[in-house]
Structure formats: structure tokens, C-alpha cells
Amino acid sequence: MYNIYLEENKLKYELNELVKMFLKPSEFQLVGPEAKAEAQVCVEGMDDKNEAKRFLFDQLSRLTGQTPDWGTLTGVRPVKLAMEQFRKGYDADQVRRILKETYYLSDEKIELLVNLCLLQREILKDCDPDAVGIYAGIPFCPTRCVYCSFTSNQVKYEKIPPYLRALHKEINFVGEHLRTIGRKAESIYIGGGTPTTLTAEDLRELIARIQSAVDMSGVREFTVEAGRPDTITEEKLRVIRDSGVGRISINPQSMKQRTLDLIGRSHTPEEIRSAFRKAKEMRIPIINADLITGLPEENPEDFRHTLEEIIQLDPENITVHTLAVKRASRLIEQDADYHYRQGEVVREMLFIASKLLTEAGYHPYYLYRQKHMSGNFENVGWSKPGTESIYNIRIMEEDQTIVAMGAGGISKMYYPEENRLERIPNVSNYEIYIDRIDEMIERKRKGIE
Ligand code: SF4
């Protein structure tokens, strides 16, 4: 057990997060000033955040022998930080130097970030700076995954129509409000939960409602998440295709039946294959597949097998997540230290991902991190050139207003002059959302300018 003293000031929270990158909660305790003389690590008298973090990093490295790849960065948006350096006018070499000297990033992560920034700048160069992203959430799933920390409810069908009526009301308002304030939509994303939990008819009406309420003339991308393969039918895919939706996401997570059972997904690998085949036959232009590294009981060869199968199914995008064990998940109740033990396994899996995906013609196009990720790694979206999702880039870089509708939706009003975001949350309980829909609308009327 290590004793660590962090002076009581505004840096303490972030410094504590950095400690957790090196040590499990059971391996250290924060001590007060009365015990600092005996502490193995001691940070005090430092006001500069980066200097304090480097100082702490050096001490922890000496103590544990570790040098985490993401250096002193504890935040979830490292690309945003790198992009800010480019916006300040630094060139790629200067940004590399800043990432190395100020934040201690590994060479591999530096190259990844710099390349992502250059690619994203190219993709977004002709965008309307006033355009917004639109999100509509369907907070229902057939079963709850063991690692889930989202708004996800398992309900009988009769619970769904009242929710959709409230959502349609919010969509109508948002469409009208955006026209009034002269802002267009750039991308639309129906997520969840699992939107394909809806019936084909409900899904058709939802897409049509959005398309008639919102000015679609500036929309570059429309995604519907079709996360659970067991919710995908030919009829729903036809609705999606005939509505002009250009992108869907089918989320296998793993192709191993034992893993799917363990994580609480009620489908088989064959249902995954079948969903991809149907979507391809239906000629949906862009299909994304979400995978997760570090799932319970999986070894690197299991992950390799999953990835090889998915590459064979030929999606345009493959998003490789690292399992994050969030506080609201069932997994953390079962095993609080799970993600600490998984570091080396995940490192190997990510190496396999990078190699196989590069060989298959994919490149990384967006990246983010989460708290409590196995090995403190990252989630990376890979794409075939020209099929990158604008919505995904935008939501991670926080440089655009996102209007989020439905239970659990958190809108973010972006003020570019101050590079600042104002959050406008909806309630996350879907029944309370229905009851208080007028209040949710009122919040948007006031908050979205
Ligand atoms: S599909 Fe997604 S939202 Fe639904 S239970 Fe699983 S992790 Fe949660």
C-alpha cells in the first residue's frame, strides 16, 4: 500500500486521476498533511497543472516501473487537445514536440494523434460552421449488456408508443426552432439503446418525422444504430434504405458465443453474419461494426478470430472499443478491479487490431478515451477512406452544437468565440421524460441559440 500526499487545491482531482493510471484503488491511499513526511509520493507547492502532472508522473514511474502510453493525459479527448495546438498555429512537428515534452505521450500515440488531426481537418474543411448535429435517442434494448452504463430499458411494446409521441413532439419543436434561428443540420444520428428495437413502422415514422421537421438541405450524414443483430429484420433494413439513411451500425462486440452469453447479449454469431449479409444485400451505403477488446474470458486469439470474421463481412467502418467498466454497470459490481488486470491482454488485442485493419485498408479517423478503460487505452474508429462518420468526429471534438433529443439526451451548445460548451440535459428516465416533455422543450428553446 502506497501513501500518497496531494496538496488540497484545484489540481487534486486530476492528479488523483493520474495516480489511478498507475495504481489500483486498493494499492494506494491519499494521506493528509500530518502524514506527508512518510508518503512515498508527495506533490505540493505547484500551481501549474502540467508541471504538477509531469512531476507526479515521474515519481509514479520510478515507483512502479510503468510509463503509460498516454503520458500525463487523463482526459477523454486527446485529439481535441492536439487539435487545439494546430489551431494555435503550430505545425505538425511543433505539435509532436508539445505532446512529447508537455504531456509525455509515447511516440506511437503522438503519431496517431497528429495523423488524426490532419485527416479530420481535411474532412471538415468545407463544413458550415453554424451547422448542428442532431441526435435522437431510443432508450430500449432487448436485454441489458453486463458492461452497459447507458440509458437502456427492457420493456413491453405498450411502453414504447407514448415515448415516441413525446419524442415526435420534441423533434417537431427542434426542427421549427432551428429554422427560426437560421441553423441547419449537418448530421443526424438515431442512437440508443437500440433504435431497431422499434417496429419497422415505428422506425419509418420516426425517420419521416425527422426528415419533415428538420431542414435536410445541409445534411451530409444520417445514421441509424442497429446495434443488436437480433433486432434487425429485412423489413427494418428496407425502411432504413428507402428513407435515404446512409449509415447504420451493427454491433457484434464479439463473434464468440460464450462471450456473447457472458456479456448478456441474446444473439448468436450466426445472427451477426446474417444481419451483415442482409444489410449488404440491401445496399446500405455505410455499415459500421463495433467491437470490444478486453471482454470477459477472451484472449488475444479470440479477438483476432472476431476481427478476421468481421473484416470478411466487409463493413466500411470498424470501431474498436476498449472495455470500460463504468460505475453504473453490472460488471463493476461483479469485479471492481477487472479493468486493471486486463491491461496486457488489451494491449495485445489493440496491436492485432492495428495490424489487421491497416492491412485490410482501414485507417483510424476518430478516437476517444473513457474513464476506467482496461489498461487506460482508447477507442478508435477505423474506416475505409472516404467513409468517415462526421457525427462521430464532431461529438468527440466538441466543436459543434449538438441537439440531443429523447430520454438521456444531453445537448451541447457550442460558443466558438469562447471555445465553450453549455450542456442542456434531458432527464434520463424515459417515463419522466414523457411526463416532462414540455419542460425538455422549454430548456432547448432557452438554451439553443
Ligand atoms: S446494446 Fe448498448 S445500450 Fe443496449 S444494453 Fe447493450 S450496451 Fe447498453
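Rules used in this analysis
Residues numbered from 1 in each chain as written. Predicted model: local features only at pLDDT ≥ 70, side-chain atom pairs only at ≥ 80, totals over all residues. Helix = DSSP H or I, 4+ residues; strand = E, 2+ residues; numbered from the N terminus. Near = placed C-beta within 6 Å. Nonpolar A, V, L, I, M, F, W, Y, C, P; charged D, E, K, R; others polar. Domains from an automatic or database assignment. Contact = placed C-beta atoms within 7 Å.

Chemist: How do you make sense of unusual backbone geometry when you look at a structure like this?
Modeler: Where the residue is not glycine, phi is negative for most of them; where a peptide bond is considered, it is trans in most cases. Residue Gly-193 is reached from Gly-192 by a cis peptide bond, and omega for that bond is 15°. Structurally, Gly-193 can be placed in the loop between β5 (185-192) and α7 (200-213). Residue Gln-253 is not a glycine yet carries a positive backbone phi of 65°. Locating Gln-253 in the fold gives a position in strand β7 (residues 247-253). Although it is not a glycine, His-372 adopts a positive phi angle of roughly 60°.

Chemist: Explanation requested: the site of the ligand in the structure shown.
Modeler: Taken together, Cys-141, Arg-144, Cys-145, Cys-148, Phe-150, Ser-152, Gly-192, Gly-193, Thr-194, Gly-227 and Arg-228 make up the full set of residues near the ligand. Here the residues of the shell around the ligand sort into 4 nonpolar, 5 polar and 2 charged.

Chemist: Help me understand the domain arrangement of the protein chain, please; the structure alone is not making it clear to me.
Modeler: Note on interface size: it is often stated as the accessible area lost on association of the parts. Assigned domains of the protein chain: these are domain 1 (2-64), domain 2 (78-123) and domain 3 (132-405). Computed over C-alpha atoms only, the centres of domain 2 and domain 3 are separated by 27 Å. Each partner contributes to the interface: domain 2 provides 9 residues, whereas domain 3 provides 11 residues. Going through the elements one at a time, α3 (78-87) and α5 (107-123) are the ones with two or more residues in the side of domain 2 that touches domain 3. Counting residues per element, the side of domain 2 that touches domain 3 draws most heavily on α5, at 5 residues. For the side of domain 2 that touches domain 3, the residue count by class is 7 nonpolar, 1 polar and 1 charged.

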